[in-house]
Amino acid sequence: MSERASEEAWVFVVDDDRHFLGALENLLSLKGYRVAAFTSPIAFLDRHDPGRPGCLLLDLQMSELSGLEVQAALTARGQSRPVVFLTGTDRVEEAVSAMKGGALNYLIKPAEPDAVLEAVDNAVQADAAYRKKRLEAAELLSQWRILSNREQEVFWYVARGRLNKQIAHDLNITEKTVKVHRSRMKEKLKLRSTAALVHLAARIQPLWS
């Protein structure tokens, strides 16, 4: 990961072992990450800002809440982010639960620094990719919403390869009206060709899946 990317990303670290937490904070800070460290999982949940890019480095066994409970709480709030678990015991059932909950990695303490950094780098990259995809989706939806309902209908017919006369028949309107809607729709979306429209449709369609 580039130095700039690491400087823009946050690593939220939650571990009720102050000594281990301090070591993790130092390791990640030296790598260039912004670090928000918490000994209390409850305090973390209270202060968590899902708008900040980055990942969560999470202890599994803590006194207030377990790491799995923290993970579940974030998911319930719709605030899930890439999670790397750290644990002092290697229990298969906990590892399975963590991965089913969406964790990207599961490390056993004391983990090698390089292993921690690699796991965090991968998690930060996953978060960046997700945020980019979400931003692109929002931009696509913003474009889509400038179309009228009829223009949206014509858009999908054109994307499926229907001819103007076929669209007119299906929508019970005149072919001339179809041409008007088609022209306005392409102008609003700044589409220069039917091929460009089909490509845009392929990007928009998954947003409704």
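Here the structure is a predicted model, which means the values were calculated and not measured. Every chain's residues receive numbers from 1 upward, in the order its sequence appears when written. This being a predicted model, a pLDDT of at least 70 is required before a residue's local features are given, and a value of 80 or more before pairs of side-chain atoms are given or counted; all residues contribute to the totals for chains, interfaces and linings. To get the side-chain values, all heavy atoms of the structure are used, and hydrogens and water are removed first.

(A) Structural view of the confidence of the model for the protein chain. Confidence scores here are pLDDT values: one per residue, from the predictor, ranging 0 to 100. Mean pLDDT over the protein chain works out to 89, with 96% of the residues at or above the 70 mark. Mean pLDDT across the elements of the protein chain bottoms out in helix α1 (residues 3-8) (54) and peaks in strand β1 (residues 10-14) (96). Put simply, DSSP H or I for four residues or longer makes a helix, DSSP E for two residues or longer makes a strand, and each gets a number counted from the N terminus.

(B) A look at unusual backbone geometry. The linkage connecting K109 with the following residue, P110, adopts the cis geometry, with an omega of -10°. Relative to the assigned elements, P110 resides in the loop between β5 (105-108) and α6 (113-144). Not every positive phi belongs to a glycine, and K190 is a case in point at roughly 60°. Along the polypeptide, K190 turns up in the loop between α9 (175-188) and α10 (194-204).

(C) Region of the structure containing the layout of surface pockets. The computed volume of the largest pocket comes to approximately 300 Å³. If you trace the largest pocket, you find 18 residues lining it, with Q79, S80, R81, P82 and Y130 closest to the centre. When residues of the lining of the largest pocket are traced back to their parent elements, those giving at least two are α4 (67-77) and α6. Among the elements that make up the lining of the largest pocket, the one with the highest residue count is α6 (five residues). For this classification, the nonpolar set comprises Ala, Val, Leu, Ile, Met, Phe, Trp, Tyr, Cys and Pro, the charged set comprises Asp, Glu, Lys and Arg, and every other residue, Gly included, is treated as polar. Per-class residue counts for the lining of the largest pocket are seven nonpolar, seven polar and four charged. Quantified by volume, the second largest pocket comes out at close to 160 Å³. Lining residues are defined by having an atom within 4 Å of a point belonging to a cavity or pocket. Those points lie on a 1 Å grid over the protein atoms alone, cavities being sets where a 1.4 Å probe fits but cannot get out and pockets being open sets with protein on both sides within 12 Å along at least five of seven lines. If you trace the second largest pocket, you find it lined by K133, R134, E136, A137, L140, R203, P206 and L207. Considering each element in turn, the lining of the second largest pocket owes the most residues, five residues, to α6. When the residues that make up the lining of the second largest pocket are grouped by side-chain class, the tally is four nonpolar, no polar and four charged. Grid points are joined across faces, edges and corners, and a volume is the space filled by probe spheres set on the points.

(D) Here's a closer look at the sheet that holds strand β3 (residues 54-59). Strand pairing is defined by DSSP finding a minimum of two bridges between the two strands. Read across the open sheet, the five strands follow the order β2-β1-β3-β4-β5; overall the sheet is parallel. Of all strands in the sheet, those bounded by a partner on one side alone are β2 (34-38) and β5. Direction aside, neighbouring strands of the sheet carry axes that sit 20° apart on average. Of the strand pairs in this sheet, β3 and strand β4 (residues 83-87) are connected by four bridges, and their pairing is parallel. Paired with L58 across the strands is F85, a residue of β4. Lines fitted to the C-alpha atoms define the axes, with helices restricted to the stretch that makes contact. Angles between their N-to-C directions range from 0 to 180 degrees.

(E) Inspection of the packing of helix α7 (residues 149-159) against helix α8 (residues 164-171) at higher detail. Taken N-terminus to C-terminus, the directions of α7 and α8 make an angle of 130°; their axes are 10 Å apart at the nearest point. Looking at the two axes, α7 sits oblique to α8. Classified by chirality, the crossing of α8 by α7 is right-handed. Facing α7, whose interface residues are R150, E153, V154, Y157 and V158, α8 presents I167, D170 and L171. Looking at the contact of α7 with α8 residue by residue, the classes come out as five nonpolar, no polar and three charged. Our angle categories are set so that under 35 degrees counts as roughly parallel, over 145 as roughly antiparallel, 65 to 115 as roughly perpendicular, and the remainder as oblique. Handedness of a helix crossing follows the sense of rotation of the near helix relative to the far helix, less than a right angle counterclockwise being left-handed and clockwise being right-handed. Residue contacts follow a heavy-atom distance rule, with two residues in contact if any of their heavy atoms lie within 4.5 Å.

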